[in-house]
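Overview (structure and organization)
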Amino acid sequence: MPKSLIERVVTLCIRGPWLVIAVASVLALLSLFVALKRFTINTDTARLISPNVTWRQDEIAIDTAFPHRTASIVAVVDGETPELADEAAEKLTDALMRHSEIFRRVRQPDSASFFAKNGLLFLSKEELARTTEELIAQQGLLEHLAADPSLRGFLQTLSFGLQGVRAGQMKLDELAGPMTALSNVLEHALAGEPARLSWRNLVSGGKTGAGELKRFILIDPILNHNTLQPGVEATELVRRTIGELRLTPNRGVRVRLTGPVPISDDEFGTLAENVVLNTTLTLAAIGLILYFALRYGRIIAPVLVTLLVGIVVTTGVGLLVVGEFNLISVAFAALFVGLGIDFGIQFAMRYRAERYAQDDLPTALVTAARGVGRSLTLAAISLLAGFFSFLPTEFRGVSELGLIAGLGMVIAYVANLTLLPALITVLRPLAEQKSIETASLARLDHWIHDHRRLVIMTTLLAVTVGLPLLISVPFDSNPMNLRDKRVESVATFLDLAKNPETTPNTIDVLAPSLEEAETLAAKLGALPEVSRTMTLASFIPDDQDEKLRYVGEAALTLAPALHPAKVMPPPTDAQNIAALSETATLLREAAGTKPGSAEDQARRLAAVLNQVVETSPSKRKAAEAAVILDLPRFLNRLRLLLSTEPITRENLPRDLVADWIAPDGRARVEVFPRGGAHNDEVLATFANAVHAVAPHATGTPIVIVESGRTVVRAFIEAALFSLVAIFLILWVTLRSLRDVSHALGPLVLATILTLETASLLGLSLNFANIIALPLMLAVGVAFHIYYIIAWRAGVSDMLASSLTRAIFFSALTTGIAFGSLCFSSHPGTASMGLLLALSLFFTLLSAFIVVPAFLGPPHKSDEGKV
């Protein structure tokens, strides 16, 4: 019988093994060099979809029109008081602005001087009228504080109030708020703890909203794309600056980072977390499995070296082809281990079987190549076609994975038919002393053959019963659910999403002009799913004439109070002691022995004031500072608010205009959802409603909905392409529709059972784990092809054969490689590992039980057709 091409190639490799090893070494070193120079993972989930998709083009269009809104770091500053939040944000902004080599721009969108001066005009007329009335009612307090901005001045003001209580002009309850606030601050100051009185809380009666305690700093960093984490230098500098400024919770401030850059960098950090440990344990487990499968180190080592060389070469080739890996394409490594080791085990196991039959090593290698060459070739071609079926789809993440994995299959196929036999030749393993077949499984073979109908009917029944679960398999297209919710950037994003005022889950629409943007905003604002809309016109308040009249009247009334003709000099320590003692006496008189909450607070404050009197001058100075530190800031802020002027399009700040009007004049409309802005169902309804009115709308809710549709469509297309391609390849090779159906039918059933079980376990499909389906389709196709070829060759007792032993250990190594992903710290990768493990179980069940039942005993006419 003339030798086939594969036999001739293997013969050449075992005649010149060192040349083969040298060529493989050079290729591996070159690929390693490419990998070290170019290796990078782009964690941007938006790039997983082709930029040619309509909704991606809309997203790119708005990012291009407003480039400063992308690639940003958002520092979220939370203060225990408005003053602490303001001061922390200002300090951090000033400190970061000094690093122009790291940051292009640092700004506060909500605390700029524009809003500090014109904030009152953005209240409704009713709110403004109420606010100005309350300010005018505090005229006496403000007058004393402005004239004497000290602890003495505050205590004298409080004493006037207590005298009013004694005269029956007011109730002690009206002073409960100031008494409590002052007691808290002084107690902390005396204890040596950070303490500051919030004058804005005090004057507002403690009615400060949550929004007034939060500030945002928008940071546009210069990214270093030559590193795996392009923004890590910037985020580390921000965090280091936060530490140096001591903006910490024990000082009343918390600063958290979120935004595209921290989220992307944190995601890579999550992916890399424990990767060395997991990889080491995985390789150790694979080595142990290979020991049980192949027994001899002189066979195990060549298989592992061939696998390692294949991975390195595939990595280098993949980077040359696609430029960078993404969150999905990086899974090619696990895929290569699973399928590459399968090729190696198939060849090595067949070699062992042939070596037992004949002691000559070269003859055993060539005979092994003859035995598995056809099945490996058919499996490799089918896998290549299956992976390449993703190339025409819009799901770029999987498309690139398909390209890399397809090339990897070619590399694995070539390596296992050239490098592997060369390495085995050099190491010269000893002859096999006994057969590697598992004769005890022959009884299971016979049982399956005798009960074919029962096995097939049971499989079909299980599939049919689970059909309702198949229909209800959920697809989670929210990329935030693929990230670790414990990391700061993601946790902060989700926290902001819960608040309708701060949610990042908004939709943006580009309009040709501001006028058209206003018209569109009105139309969108009428939708029941929309809470509000914003354009640049939103920063030009309505009813300005009337509002300015309210502010002007308040400013005129409060002018003498806020601008006193004479400001008293700072008090001496003796004057403070006198004021403290006098106020304490008035507090005790007002409280008397009567029960009541206000009376208890008066007695408490009197005791605290006495402690301040009795303490050391340095502690008394610290207590005074805690009370009056923010008073000048408060008074200046109030003076600025009352100096507001008419707002027009022309006098809006340049930075503010740049956020809403593109250089070419196009205007942005921002649309906010009604209801739970962090709920995926609410966001989907919101996105669909807005999209119906504005087809080119974009934003997180649109991306979630449209990306889900794109992914599902891509997998349906790829599944059809793959099935058709593999069907044609198998039909051309096997020339039997029956045999093709025997190879693919059980595989389809295994896929359905996998999805039904996933639904039963509550495991959602997502961007990451959906790749498990085509991966296991590829593995299953390979396993089933091995069986079909062996069955056509007349092999009976399939489970007892060396082929099943090879498939079993191959599947075990694949399971370890895929299953190790379950222990990843990255939720998306972990879900991929879980679905892969589940899919592998049903693939093996199909290969070992269902396929033999479908095939039945080999026909006499099929023997010898290999």
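Preceding this paragraph is the structure being described.
These remarks concern the structure in this document. (Residues numbered from 1 in each chain as written. Predicted model: local features only at pLDDT ≥ 70, side-chain atom pairs only at ≥ 80, totals over all residues. Heavy atoms only, no water.)

Scanning the protein for helices and strands turns up 34 helices and 12 strands. Computed over the C-alpha atoms, the radius of gyration of the protein is 37 Å, more than 25% above the 29 Å expected from 2.2 N^0.38 for a compact globule of 866 residues. The principal-axis extents of the C-alpha atoms in the protein amount to approximately 120 × 60 × 55 Å. Evaluated residue by residue, the protein yields a buried proportion of 54% over its 866 residues. Summarising the internal contacts of the protein: among those between residues at least 6 apart in sequence, 82% fall at separations of at least 24. (Helix = DSSP H or I, 4+ residues; strand = E, 2+ residues; numbered from the N terminus. Rg over C-alpha atoms; globule rule 2.2 N^0.38 Å. Buried < 20%, exposed > 50% of the residue type's maximum accessible area, 1.4 Å probe, protein only. Contact = heavy atoms within 4.5 Å.)

Strand order in this open sheet of 4 strands is β3-β4-β2-β5, and the pairing throughout is antiparallel. In this open sheet, the two edge strands, each paired with only one partner strand, are β3 (103-107) and β5 (253-258). If you compare each strand with its neighbour and ignore which way they point, the axes differ by 20° on average. Across the face of the sheet, helix α21 (residues 488-497) comes into contact with β2 (73-79), β4 (214-221) and β5 while running at roughly 100° to β5. (Pairing = 2+ DSSP bridges. Axes fitted to C-alpha atoms, helices over the stretch in contact; angles between N-to-C directions.)

Before going further, it helps to spend a moment on the packing of aromatic side chains. Counted by the stated rule, this structure contains 13 aromatic pairs. Between Phe 154 and Trp 199, the ring centres sit 5.0 Å apart and the planes meet at 65°, which makes this aromatic pair edge-to-face. In this pair, Phe 154 is assigned in helix α8 (residues 151-166) and Trp 199 in helix α10 (residues 199-203), connecting sequence segments 45 residues apart. Overall, the relative accessible area of 4% leaves Phe 154 in the buried class. On the basis of relative accessible area, Trp 199 is assigned to the buried category, the value being 0%. Aromatic ring contacts, followed pair by pair, group Phe 114, Phe 115, Phe 122, Phe 539 and Trp 660 into a single cluster. Directly above the aromatic system of Phe 672 lies the positively charged group of Arg 532, at a separation of 3.8 Å from the ring centroid. The residue whose ring lies beneath Arg 735 is Trp 731, and the NZ or CZ to ring-centre distance is 5.5 Å. (Phe/Tyr/Trp six-rings, centres within 6.5 Å; stacked < 30°, edge-to-face > 60°. Lys NZ or Arg CZ within 6 Å of the ring centre and 35° of its normal.)

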